[in-house]
Protein chains: 2
Amino acid sequence: MADILNERKLKILRAIVDDYITTGVPVGSRTISKKYLDWSSATIRNEMMDLEELGYLAQPHTSAGRVPSERAYRLYVEQLMNVSELNGDEVENLKSHLSARSRDLKQLFHDAAKAISDATTYTAFVMPPNPLGIKIRNIQLVPVTSGLALLVLVTDAGIFKDTFIRVSPEFGQEELQSINKLLQRNLCGHSLNGVLTRLEGQMKDSVDDQRQVLDAILDSIKSQLFEEESQEIVVGGSSNLLKHREYSDIEKARALLSAMESRETLGSILQGAKGLQFTVTIGNENPHEIMRDCSVVTVSYIVDGAPTGSIGVIGPTRMNYSHVTSVLNYMKNMMSDILSSSYDDSIKSLEEHNKNENTGKE
Amino acid sequence: MADILNERKLKILRAIVDDYITTGVPVGSRTISKKYLDWSSATIRNEMMDLEELGYLAQPHTSAGRVPSERAYRLYVEQLMNVSELNGDEVENLKSHLSARSRDLKQLFHDAAKAISDATTYTAFVMPPNPLGIKIRNIQLVPVTSGLALLVLVTDAGIFKDTFIRVSPEFGQEELQSINKLLQRNLCGHSLNGVLTRLEGQMKDSVDDQRQVLDAILDSIKSQLFEEESQEIVVGGSSNLLKHREYSDIEKARALLSAMESRETLGSILQGAKGLQFTVTIGNENPHEIMRDCSVVTVSYIVDGAPTGSIGVIGPTRMNYSHVTSVLNYMKNMMSDILSSSYDDSIKSLEEHNKNENTGKE
DNA sequence: GTTAGCACTCCACTCGCCCGAGTGCTAACA
DNA sequence: TGTTAGCACTCGGGCGAGTGGAGTGCTAAC
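Residues numbered from 1 in each chain as written. Chains lettered and ligands numbered in written order. Predicted model: local features only at pLDDT ≥ 70, side-chain atom pairs only at ≥ 80, totals over all residues. Heavy atoms only, no water.

Participant: Got a minute to help me understand the sheet that holds strand β10 (residues 294–303) of chain A in this structure?
Facilitator: Sheets are built from strands that pair by backbone hydrogen bonding, the pairs being arranged parallel or antiparallel. All names here are of chain A. Pairing within the open sheet is antiparallel, and its five strands lie in the order β8-β3-β11-β10-β9. Two strands close off the open sheet at either side, each with one partner strand: β8 (234–236) and β9 (279–282). Each strand of the sheet is rotated relative to its neighbour by a mean of 20°, with strand direction disregarded. Two elements, β9 and β10, share four bridges in a ladder whose sense is antiparallel. Bridge assignment links Ile 282 to a residue of β10, and that residue is Ser 295. (Pairing = 2+ DSSP bridges. Helix = DSSP H or I, 4+ residues; strand = E, 2+ residues; numbered from the N terminus. Axes fitted to C-alpha atoms, helices over the stretch in contact; angles between N-to-C directions.)

Structure below.
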């Protein structure tokens, strides 16, 4: 018995998944025959028996209809499903969630998560840009008072929270400027990850006075990295979990909700979300016991040409993959646009100034 | 029939509430007689009938035990309940949630919310300090490049997110310094609220060049205020809702969870949380329909001598008020301590520097 | 290869029943 | 007069039998 499914089997499988996704009730042969395909229920029944033997379908009990297995979902996601377009209303709805405020990174993430969860009726999340991959646009030590300077770190993803750095009181304008030059020449355009090693290398070559400052900067970036790494994954619409039959068992629902409250767990749940392409993780493909009957769909948004963070959806394996994909795709584009443009606005001027300054002095 | 309850009625009422809080099951006269008090069940029954007539108890149905009414809870909270001390383990548990990271405001709020929700099995929240009331410790315009300066605003509650301010390129060191002096002399020590009006007044008296910069600063503070005002109320342990019998109705649970996801709703739910004292809002005392069978307990934490933000708990009216109160009280103190000390650490030095600078030059 | 027909299975639902917890009332007791 | 024992009554929850319906697998005919 070949594992390759003939045309009819594929059509039937698609119909079963489609129906099961919308109704949540095991699908019988009659339903398929009446609602979707023009073969008689007996024919369909025969094919369904084959599909069951091949592991694509399962029966909850003898006299029930069939439910798709995880294998079926995988096939469905990769080959069968019709990728639907969002209609005008849906687009409007998504747009309406993002407002002027959404230029703020935080707010944008919240709004996006809300938008996605509302549109899909599942739980949405937004992962902030991976800090290690973020490129430094500008790094500068700004004198505040004698003995105290402010480290301003501008990255692709906006302004890193600034911190105060203690410098020795003898440090004057000239020393600061030379450090700034050093910083800018060596670190701009590199990823934070690279910067750390570069800074450490740099320190060996520098005189004591500078060394101390560089050390402080290194510490500061490190601690911020640490902080940002455990940075919140923004979750939206967790109450949507309870909308679906799968979680009418309250203890199951609670466990899952609770898992999503912990940043660590959530992080590991979403660990697959990295690349440019859509990632779909179905049921047991998930690392967590608790996610056994969940699926996760993710996609990365793009800032400045490179994927940085990602957005996604957690829902029951019986999830409307097609619609979720469309929503995520649309939102990905919107976010990429917004982030790229706000990056332009807020940073370009600063960048240009520095270029002029640097070239002017060389 | 006097509304004043005799000693015995009070004792019985307390026993009923205590029992109902722990078991969640309507309390019968026999239970009270066996587990709590040494009168016969018949006696207790008689008293219970009185209490029911007085509106302190209710019967779900004829042959069930009694449940406390909201009136009973109110009396219980105000007079009857034994305020319990936390035992060593509980204190340890609370402490263990707060780590070194908790010096960061954000992180502290998260940790605190988690700690409270874990300790109480209810849903906890932390309201950040009310931004209008926050006092400015230090305000300074730091030159970054020509034409661009960084506005650093240090407040009681830590560093306000800094923003870039465009200044005219002719603005040199002297102009900046004079503006800085102006800012510091006029604005330090005032609340943000006051600062806004003061800045507006100031602008009339200033020359065009300064005026432009002040305008930009005003805008920046305003927009930040707006941003901070809708600032997140941190919620912890919302999944705890599902732990309690009250929310075994999944639709009810979902509605409540969903309400707590919206910042606006949440804000209005917690609107009562202002003063120094504990606030307990029981059932229908809540403004929201959806909160009909919820209670909210809140208390403010203290920074620099004044109540600023608050922490609290949302749970079923059948809530362990006594324990919740103890936990909140303990956490309030811890947070006040942490916030006050971190304020000291991070800001004092900066403050002193500025004092010296100012007095030195006058 | 497809389809109609049919017997069979099994879940979900309803109905009636009983049990037990708790009540309210009455009468006896201190 | 206040307290308690006793008792009949009420009502919800749990259990089991019975039923209907959806869906299956198999067989035989087309």
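Participant: In this structure, what is going on with the protein's contact with DNA strand D? I would like to understand it.
Facilitator: The local shell around DNA strand D holds 22 residues, among which Ser 29 of chain A together with Arg 8, Thr 43, Thr 62 and Ser 63 of chain B are the closest. Backbone atoms, meaning sugar plus phosphate, form 74% of the atoms of DNA strand D positioned within 4 Å of the protein. Contact between DNA strand D and Ser 40 of chain B: a phosphate oxygen at 3.2 Å from a main-chain N or O atom of the residue. Contacts to DNA strand D include Thr 43 of chain B, whose side-chain N or O atom sits 2.5 Å from a phosphate oxygen. Sort the elements by how many residues they give to the surface near DNA strand D and helix α3 (residues 41–53) of chain B lands first, with four residues. Residues belonging to the surface near DNA strand D are distributed by class as follows: six nonpolar, 12 polar and four charged. (Near = heavy atom within 4 Å. Polar contact = N/O pair within 3.5 Å; in protein donor to acceptor, adjacent residues only side chain to side chain. Nonpolar A, V, L, I, M, F, W, Y, C, P; charged D, E, K, R; others polar.)

Participant: Would you mind showing me how to read the protein's contact with DNA strand C here?
Facilitator: Taken together, 22 residues sit near DNA strand C, with Arg 8, Thr 43 and Ser 63 of chain A together with Ser 29 and Arg 66 of chain B positioned nearest. Here DNA strand C approaches the protein such that, of its atoms within 4 Å, sugar and phosphate make up 74%. Measuring from a phosphate oxygen of DNA strand C, one finds a backbone N or O atom of Ser 40 of chain A at 3.2 Å. Here a base oxygen of DNA strand C sits 3.1 Å away from a polar atom, N or O, in the side chain of Arg 45 of chain B.

Participant: Quick question: what am I supposed to make of the pattern of salt bridges here?
Facilitator: Any two side chains of opposite charge can pair if their charged atoms end up close together. Evaluation of the coordinates by the stated rule reveals 24 salt bridges over all chains. The closest approach of N and O atoms between Glu 47 of chain A and Lys 9 of chain A, which form a salt bridge, is 2.8 Å. Of this pair, Glu 47 of chain A sits in helix α3 (residues 41–53) while Lys 9 of chain A sits in helix α1 (residues 7–23), and the two are 38 residues apart along the sequence. Put simply, Lys 114 of chain B and Asp 118 of chain B hold a salt bridge, and the shortest N to O gap is 3.0 Å. Here Lys 114 of chain B and its partner Asp 118 of chain B are both found in helix α6 (residues 105–120), four residues apart, which amounts to about one turn of the helix. Accessibility expressed as a relative area gives 39% for Asp 118 of chain B, which makes it partly exposed. (Salt bridge = Lys/Arg side-chain N within 4 Å of Asp/Glu carboxyl O. Buried < 20%, exposed > 50% of the residue type's maximum accessible area, 1.4 Å probe, protein only.)

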